[in-house]
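The lines below spell out each chain.
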Amino acid sequence: MAVDLRTVKMSPLSANLGPWVCASIPLDDLPPVFIESKAGALDTIDDVAAWVTEQRPVLDRLIIEHGAIVLRGFPVRTSADFATIVSCFPAYEGSYKGGAAARRPLDKGVYEATQRTGEQTIQIHQEMFYVRDYPPRLAFFARKVAEKGGETIIADMRRVSANIPEKLRERFASSGILTVRNFAPPTGSMVETELMDRRGWDFAFYTDSREEVNEVCAKRGMEPHWHDDNSLTVYSRLPAFVRHPVTGEMIYRSAIHTNPDQRATREKSESAIKLRASQKIPSDILLGNGEALNDEEETAMLRVVDDATIAWQWETGDLMIVDNLQIGHGRNPFVGERATDVAMMN
């Protein structure tokens, strides 16, 4: 079962982060590391930025060693504040072009986390798992927590990788993963639709030029397939495991484990059933040879990911930075207004 940190004791962590903060980590070496500002310290966003800049080597090490850090109690209140902190780290030179859902910009380098409505669960995944040049790190900012639920959850993908059954690991390693995504013809809209396959490819690629889409796909390791009605299917064929550039670990990087949830969601919607039936090439995540996981394999993957998933009560102003290979993320359903920002980082 997923771990709820509200039921887990925290252990102080000695991290040499200066006298203005204290750090702690859940027992059993679970991520994330929580770094809390002491009362009366670091009162302005400029103070926080100066502290982050000074402590960057330590913060970078903690992110590598533990997968994620959460800054809590700092005066980060707006998207502009969040952008100021993100700018203390190397910028990701890529973009969201070709992403599963386009993001509306909120400030320099800062985007809305998602437009998905509150009743929907977002399953654990690594950002842009379906492209070759994924962002190494992500930052999340809880600008406003929901009245109920809406927690950003994470999963230790190192633990997932270690616990995948051996036969399934061999299938993943030999076949790789094929991700199939569909886009409608251009709509001119940057508003998410109920069914993701109905968003225009201009929404996801930030252009209405087929030539530019083809260029993005070539750069990001995707294969575009154009249909007569100007809709688009994109294939991504990637390894199931990626070697971490710093630790050298081989880490599972895919969302094939989300198939049962996506299938259950589609089956509840008459419009989703009709849309899928009309598609020449339905969206899916498959083994590289085109085979789907069987029921036993899907159940095993769901169990492995759930056992590595971690949840806690977020507070408005929390800022989390994750290693995007070591840590997957998702979102619980929520009630009320919720505003979460995201930024990609090197």
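Just so we're clear, the structure is a prediction, and the values are computed from it rather than from any experiment. (Residues numbered from 1 in each chain as written. Predicted model: local features only at pLDDT ≥ 70, side-chain atom pairs only at ≥ 80, totals over all residues. Heavy atoms only, no water.)

Describing a negative patch on the surface
Step number 1: Taken together, the side chains of Asp208, Glu211, Glu212 and Glu215 present a region of like negative charge at the surface.
Step number 2: Looking at the secondary structure, you find glutamate 215 in helix α6 (residues 210-220).
Step number 3: The exposure class of glutamate 215 is exposed, given its relative accessible area of 54%. (Patch = residues over 30% accessible without salt bridge, like charges linked within 9 Å, V, L, I, M, F, W, Y side chains within 5 Å. Areas by Shrake-Rupley, 256 points an atom, 1.4 Å probe, with all protein chains shown as cover. Salt bridge = Lys/Arg side-chain N within 4 Å of Asp/Glu carboxyl O. Lys, Arg positive; Asp, Glu negative; His and termini not counted. Charge placed at Lys NZ, Arg CZ, Asp CG, Glu CD. Helix = DSSP H or I, 4+ residues; strand = E, 2+ residues; numbered from the N terminus. Buried < 20%, exposed > 50% of the residue type's maximum accessible area, 1.4 Å probe, protein only.)

Re the nonpolar core
Step number 1: Residues Phe172, Phe205, Tyr252 and Trp312 are the most contacted members of the largest nonpolar core, which totals 61 residues.
Step number 2: Other than its neighbours up to four places away in sequence, tryptophan 312 contacts Asp4, Leu5, Pro32, Phe34, Val70, Arg72, Glu151, Thr152, Ile154 and Met320.
Step number 3: Among the nonpolar cores identified, the runner-up in size contains 35 residues, and Ile35, Leu59, Ile63 and Val76 belong to it. (Core = buried A, V, L, I, M, F, W, Y, C linked by side-chain atoms within 4.5 Å. Contact = heavy atoms within 4.5 Å.)

Focus on unusual backbone geometry
Step number 1: Each neighbour pair has its own omega, and for proline 31 with proline 32 the value is 0°, a cis peptide bond.
Step number 2: Note on placement: proline 32 falls in the loop between β3 (21-26) and β4 (33-37).
Step number 3: We note that methionine 128 has phi near 55°; this positive angle belongs to a residue other than glycine.
Step number 4: As for its position among the elements, methionine 128 is in the loop between β8 (122-125) and β9 (137-144).

Focus: α6
Step number 1: Taken as a whole, α6 has its buried residues at Val213, Val216, Cys217 and Arg220. Seen end-on, α6 carries its buried residues on one side only, within an arc spanning 100°. Of the residues in α6, the exposed ones pointing more than 90 degrees away from the buried face are Glu211, Glu215, Ala218 and Lys219.
Step number 2: Two residues or fewer past α6, glycine 221 is found with a positive phi of approximately 75°. (Arc of directions from axis to C-beta.)

Quick look at the packing of helix α1 (residues 45-66) against helix α2 (residues 79-86)
Step number 1: One way to put it is that α1 packs onto α2 with a least axis distance of 9 Å and a crossing angle of 20°. In terms of orientation, α1 lies roughly parallel with respect to α2. Pair α1 / α2 crosses with right-handed handedness. Seen from α1, the contacting residues are Ile45, Val48, Ala49 and Val52; seen from α2, they are Asp81, Thr84 and Ile85. (Axes fitted to C-alpha atoms, helices over the stretch in contact; angles between N-to-C directions. Parallel < 35°, antiparallel > 145°, perpendicular 65-115°, else oblique. Left-handed = near helix turned anticlockwise from the far one by under 90°.)

Examining the side chain of glutamine 55
Step number 1: As for its placement among the helices and strands, glutamine 55 is situated in helix α1.
Step number 2: The contact partners of glutamine 55, leaving out residues within four places of it in the chain, are Asn16, Leu17 and Gly18.

Let's talk about the environment of histidine 66
Step number 1: Checked against the element boundaries, histidine 66 lands in helix α1.
Step number 2: In this structure histidine 66 comes out as buried when scored by relative accessible area, which is 11%.
Step number 3: Along the primary structure histidine 66 and alanine 339 are separated by 273 residues, whereas in three dimensions their C-alpha atoms are 26 Å apart.
Step number 4: Dropping the residues within four chain positions of it, histidine 66 is found in contact with Leu13, Ile25, Asp29, Pro31, Val33, Arg158 and Ile327.

So, the packing of aromatic side chains
Step number 1: Tallied over the full model, the rule gives eleven aromatic pairs.
Step number 2: For the ring pair tyrosine 96 and tyrosine 111, a centre distance of 5.3 Å and an interplane angle of 85° mean the geometry is edge-to-face. Here the residue tyrosine 96 occupies a position in the loop between α2 and β6 (105-107), and tyrosine 111 occupies one in strand β7 (residues 110-112), the gap between them amounting to 15 residues.
Step number 3: Their ring planes at 75° and their centres at 4.9 Å tell us that phenylalanine 129 and tyrosine 130 sit as a pair that is edge-to-face. An identical accessibility class is assigned to phenylalanine 129 and tyrosine 130; each is buried.
Step number 4: Every member of this aromatic cluster is reached through a ring pair, and the members are Phe34, Trp312 and Trp314.
Step number 5: Seen from the ring of tyrosine 130, arginine 181 lies directly overhead, with NZ or CZ sitting 4.0 Å from the centre.
Step number 6: Sitting over the ring of phenylalanine 334, arginine 338 keeps its end group 5.8 Å from the ring centre. (Phe/Tyr/Trp six-rings, centres within 6.5 Å; stacked < 30°, edge-to-face > 60°. Lys NZ or Arg CZ within 6 Å of the ring centre and 35° of its normal.)

Regarding the pattern of salt bridges
Step number 1: The full count for this structure, using the stated rule, is 14 salt bridges.
Step number 2: The shortest N-O distance in the salt bridge between arginine 72 and aspartate 318 comes to 2.6 Å. One end of the pair, arginine 72, is in strand β5 (residues 68-72); the other, aspartate 318, is in the loop between β18 (309-311) and β19 (319-323), with 246 residues separating them in the sequence.
Step number 3: With a closest N to O distance of 3.6 Å, arginine 276 and aspartate 284 form a salt bridge.
Step number 4: The class for aspartate 284 is partly exposed, based on a relative accessible area of 24%.
Step number 5: When salt bridges with common partners are traced through the structure, they connect Arg56, Asp60 and Arg137 into a single cluster.

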